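Observations on the model geometry
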2 protein chains.
Amino acid sequence: MVAEARNTANGDERPTLSSSRPTLRDVAELAGLSVTQTSRALNGHSDVANDSRLRAEQAAQELGYVPNLAARRLKDPGSGTQTIGVTLTSTTQRFSDPFLGDLLSAMVDEVSCHGFEMHLFSPTADEEPVAALERSVRHKRADGYVLLRLESDDQRVSFLSDAHVPFVTLGRPQTKGSYRRVVGAEDSLDSAVSHLVDLGHQRVGAIALPPGYAISDRRLIHFTKALERHDLTADESLITMADSFQEDGGRTAMEKLLGHRQPPTAVIGFNDQLAIGALAALSSRGLDVPGDISVIGFDDVSLARFITPTLTTLRQPVDRLGQLLIQQLLAAIDDPESDHEVVVKPELMIRESTGPRPTAATAN
Amino acid sequence: MVAEARNTANGDERPTLSSSRPTLRDVAELAGLSVTQTSRALNGHSDVANDSRLRAEQAAQELGYVPNLAARRLKDPGSGTQTIGVTLTSTTQRFSDPFLGDLLSAMVDEVSCHGFEMHLFSPTADEEPVAALERSVRHKRADGYVLLRLESDDQRVSFLSDAHVPFVTLGRPQTKGSYRRVVGAEDSLDSAVSHLVDLGHQRVGAIALPPGYAISDRRLIHFTKALERHDLTADESLITMADSFQEDGGRTAMEKLLGHRQPPTAVIGFNDQLAIGALAALSSRGLDVPGDISVIGFDDVSLARFITPTLTTLRQPVDRLGQLLIQQLLAAIDDPESDHEVVVKPELMIRESTGPRPTAATAN
DNA sequence: TAAAGTGTCCGAAACGTTTCGGAACAGGAT
DNA sequence: ATCCTGTTCCGAAACGTTTCGGACACTTTA
């Protein structure tokens, strides 16, 4: 009878498709229930009869009911936004890096698998990196955050820790605190150095990432450790800091190394873009790779297999990294004060850019 | 008297700083105003005394008041989310393309300049491309959308048009409707062909983007037009569709072209990744670029300057594209039914990968 | 003096949801 | 009859904001 009253009231064919979205009240009327019961039915509470639940669900279906998130959040601020935030450090450190681009793609996919959405933001030009994050947190835009391109002593980590907001990091900053993180294996660079030593190289140089980032320090430390483990003298002058994460940084760094009075016979770029920049520098000097000098990269971006020579590099399983980051973050959202570290081991992909140490070692 | 009652009720020193965020009521009490007036003061309405406005602002400042977005949106659904949505077509078409990565970066920057946030999403593996968009629209997650990687007859365009949701596209789909779009200049490929003709080339091949995308068709049309304009016969067999946007697609396409009984002496890849894949194919065949064959790309990703040989390519001003997309979208949000097209002209960057037509033309 | 206008203010209602407290009812045990 | 238990239901309040309509005190105009 209630249903009948509804039908005549609303017109014949269509159930109030008129203006805006149907509300819970509309569903309740159609189902012949109170708003309360309809809410409980749709949210799977226990004290609702099976029959009622069915009617409620069917009515919701029929009306194309979609709950109003604003209202829900207003009533129950703890309900969360079903959104995760991803933040970049600065406007100049961006997705030009194909590694970051791929990582982002992987994260987007994993996020939607879990029914979440992704919120992406960066500080404006005149802001501190942490400012954009503060804004997002204040507005409760996301349930948790992924921090990329960590700085050595990253303010964002301490801010989120203090605010008790869940987050996950790629890489391990110096900042103390309990949180979840995904990091590369400690000994990743060892296999690269090992490979070079097997080929007879003694003087192994490095093009390091710009200082100030957590990952820069880490890779540097593991590189020197790897050298020591192979009884090579860690010659400080064979390590050059690049001034960017991109190809041009790699090129100028390589040129600096070639100016050395006794240049290395092999060089490891701490990411693929740096290595590719190094290759460009070598090519324009007329040097042959790997004939005159061997080059190794880090990340294994898709391009590494398509340049000439193809690039020997430490492969990071970028899809898996993205998945892990999101999974860890969701775990952190469920259990805020947790502390966990997932280690992922890069794998050396041997290609054309590495070869035996040249016999007459003095190039240039 | 009201203020006095308030004070005694709340205790002496602190104005209810206890637990969660301060509300408008707290600000009002501190300012000695009604909630109504405080709201109007903070929102810059006209019927509030200067003195009151000052007190309200100061109180808000002191309490660190941040308006509750959920409540605001609940009351006034037209107020918008200050968010724009960016959607990708499918999970496999992602930011591996450095062009898309750079574009996204540019958009993120521009978005934050305008005080907006960005919402990024993609359909899950088993969804239609339009499904993720529908979800986002239903939940009113964003005020408008940027559509990338448009398909020839893109369902998302018609869906958003029908739903009267503002959006902007990169490229021009076939779907009719009035909306804003940013497109490359019609004659972009003409300068590339012109350059090759100047170098004496007669047989110019193309590695086209996979079919089904708006941009694929467009570039193809302009390519053949450019050939005609230079009185070259448009030999269909010299045009190969790549089966992906990435390097491997370019490689296999190039190999196919090399299998031609009379291969082209110059090839244009319709994006840089395809061109780089082509270079890889040529290199593994032992062919010299540009000695044996010239190669041109499209986009000018940062890498184009660092491979060997450096890549002649049509530069897309990616930062400007990103800015324009966002600006157009914001304009569309202000004026929903607008129709506008912004044309951006790519510029030919001549580098090492193009040279004179080889004298003994029959390679291989 | 009355009417009309101006500048400033406020109470109350509304947005759509969830939840608290209790009500109505059935059945079984006392 | 009375009490208890359990199931199913609902009214009303609450979340924090904006806005509608009206109110008050003054000043200007007729």
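Relevant structure appears above.
Just so it is clear, the structure is predicted and the values come from calculations on it, not from any experiment.

Below, the discussion takes up the relation of the copies chain B and chain A. The relation between the two chain copies is a rotation about an axis coupled with a shift along that axis. The operation relating chain B to chain A is a screw motion whose rotation component is 180 degrees, with 0.0 Å of axial translation and a residual RMSD of 0.1 Å. Such a combination of turn and shift is consistent with a two-fold rotation axis. Of all interface residues in chain B, 100% are interface residues in chain A too; the two copies therefore contact each other through one and the same surface.

This paragraph deals with the protein's contact with DNA strand C. Surveying the vicinity of DNA strand C reveals 23 residues, the closest of which are L24, S39, Y65 and K75 of chain A together with S52 of chain B. Take the atoms of DNA strand C that sit within 4 Å of the protein: sugar and phosphate atoms are 61% of them. Within the backbone of L24 of chain A, one N or O atom sits 2.5 Å away from a phosphate oxygen of DNA strand C. Interatomic distance of 3.1 Å between a backbone N/O atom of S34 of chain B and a phosphate oxygen of DNA strand C. When residues of the surface near DNA strand C are traced back to their parent elements, those giving at least two are α3 (35-42) and α5 (69-75) of chain A together with α3 (35-42) and α5 (69-75) of chain B. Classifying every residue of the surface near DNA strand C by side-chain character gives nine nonpolar, ten polar and four charged.

What follows concerns the protein's contact with DNA strand D. What surrounds DNA strand D is a group of 22 residues, the closest being S52 of chain A together with L24, S39, Y65 and K75 of chain B. Within the backbone of L24 of chain B, an N or O atom sits 2.5 Å from a phosphate oxygen of DNA strand D. Interatomic distance of 2.4 Å between a side-chain N/O atom of Y65 of chain B and a phosphate oxygen of DNA strand D. Those elements giving two or more residues to the surface near DNA strand D turn out to be α3 and α5 of chain A together with α3 and α5 of chain B. Split by residue class, the surface near DNA strand D holds eight nonpolar, ten polar and four charged.

A separate point is the interface of chain B and chain A. Counting residues at the interface gives 52 residues for chain B, matched by 52 residues for chain A. Contact between chain B and chain A buries roughly 4,600 Å² in total, counting both sides, with carbon and sulfur atoms accounting for 55%. At the boundary of chain B and chain A, one finds two salt bridges. Two residues, E117 of chain B and R141 of chain A, come together in a salt bridge whose shortest N-O distance is 3.7 Å. Our count for the contact surface shared by chain B and chain A stands at 18 residue pairs in polar contact (both at pLDDT 80 or more). Looking at the side of chain B that touches chain A, the elements that each hand over two or more residues are α5, α6 (98-113), β2 (117-121), α11 (247-258) and α12 (272-284) of chain B. Looking at which element gives the most residues to the side of chain B that touches chain A, the answer is α6 of chain B, with ten residues. Its residues placed into classes, the side of chain B that touches chain A shows 20 nonpolar, 18 polar and 14 charged. Of the pairings in the sheet, the one linking strand β2 (residues 117-121) of chain A to β2 of chain B comprises three bridges and is antiparallel in character. Bridge pairing links L120 of chain A to M118 of chain B in β2 of chain B.

Residue and element names in this part refer to chain A. Where helix α2 (residues 24-31) contacts α3, the axes come no closer than 9 Å and their chain directions differ by 100 degrees. Comparing the axis directions of α2 and α3 gives the class roughly perpendicular. Note on element contacts: α3 touches α2 through V35, T38, S39 and L42, opposite L24, R25, V27 and A28. Residue composition of the contact of α2 with α3, grouped by class: five nonpolar, two polar and one charged.

A few words on the pairing of strand β8 (residues 266-269) of chain A. Residues and elements named next belong to chain A. Neither face of β8 is left uncovered, since the one carrying A266 and I268 and the one carrying V267 and G269 both have all their residues buried. Taken together, the four bridges between strand β6 (residues 204-208) and β8 define a ladder with parallel strand orientation. The residue bridging A206 from the neighbouring strand is I268, located in β8. Crossover β8 to strand β9 (residues 294-299) through helix α12 (residues 272-284) is right-handed.

A few words now on the pairing of strand β5 (residues 180-184) of chain A. Residues in a regular strand point their side chains to alternate faces of the sheet. Residues and elements named next belong to chain A. Of all five residues in β5, four are buried, a share of seventy percent or more. Across three bridges, the pairing between strand β4 (residues 167-170) and β5 is parallel. Bridge pairing links L170 to V182 in β5. Two strands pair when backbone bridges link them, and β5 and strand β11 (residues 340-344) are joined in this way by five bridges, in the parallel orientation.

Right, let's get into the pattern of salt bridges. Applying the stated criterion across every chain yields a total of 30 salt bridges over all chains. One salt bridge in this structure joins E29 of chain B and R25 of chain B, with 3.3 Å as the shortest N-O distance. Pair noted here: E29 of chain B and R25 of chain B are both in helix α2 (residues 24-31), with a separation of four residues, about one helical turn. A salt bridge links D187 of chain B to K345 of chain B, with the shortest nitrogen-to-oxygen separation between them at 3.4 Å. Taken as a pair, D187 of chain B in the loop between β5 (180-184) and α9 (188-198) and K345 of chain B in the loop between β11 (340-344) and β12 (347-349) lie far apart in primary sequence, 158 residues in all. Judged by its relative accessible area of 35%, D187 of chain B falls in the partly exposed class. If you follow the salt bridges from partner to partner, you end up with R172, R181, D339 and E341 of chain A in one network.

Residue and element names in this part refer to chain A. Spatially, β7-β6-β8-β9-β10-β12 is the arrangement adopted by the six strands of the open sheet, whose pairing is mixed. Edge strands, defined here as strands with exactly one partner in the open sheet, are β7 (239-241) and β12 (347-349). Taken pair by pair, the neighbouring strands of this sheet meet at an average axis angle of 20 degrees, ignoring direction. Sheet contacts for helix α11 (residues 247-258): β6, β7 and β8; angle to β6, the most-contacted strand, approximately 145 degrees. Relative to the sheet, α12 contacts β6, β8, β9 and β10 (312-315), its axis offset from that of β9 by approximately 155 degrees.

Procedures and definitions
Residues numbered from 1 in each chain as written. Chains lettered and ligands numbered in written order. Predicted model: local features only at pLDDT ≥ 70, side-chain atom pairs only at ≥ 80, totals over all residues. Heavy atoms only, no water. Least-squares fit on C-alpha atoms with pLDDT ≥ 70 in both. Contact = heavy atoms within 4.5 Å. Near = heavy atom within 4 Å. Polar contact = N/O pair within 3.5 Å; in protein donor to acceptor, adjacent residues only side chain to side chain. Helix = DSSP H or I, 4+ residues; strand = E, 2+ residues; numbered from the N terminus. Nonpolar A, V, L, I, M, F, W, Y, C, P; charged D, E, K, R; others polar. Buried area = accessible area lost by both parts, 1.4 Å probe. Salt bridge = Lys/Arg side-chain N within 4 Å of Asp/Glu carboxyl O. Pairing = 2+ DSSP bridges. Axes fitted to C-alpha atoms, helices over the stretch in contact; angles between N-to-C directions. Parallel < 35°, antiparallel > 145°, perpendicular 65-115°, else oblique. Buried < 20%, exposed > 50% of the residue type's maximum accessible area, 1.4 Å probe, protein only. Right-handed = clockwise from strand over helix to strand, strands pointing away.

By themselves, these are just geometric observations and shouldn't be taken as functional.
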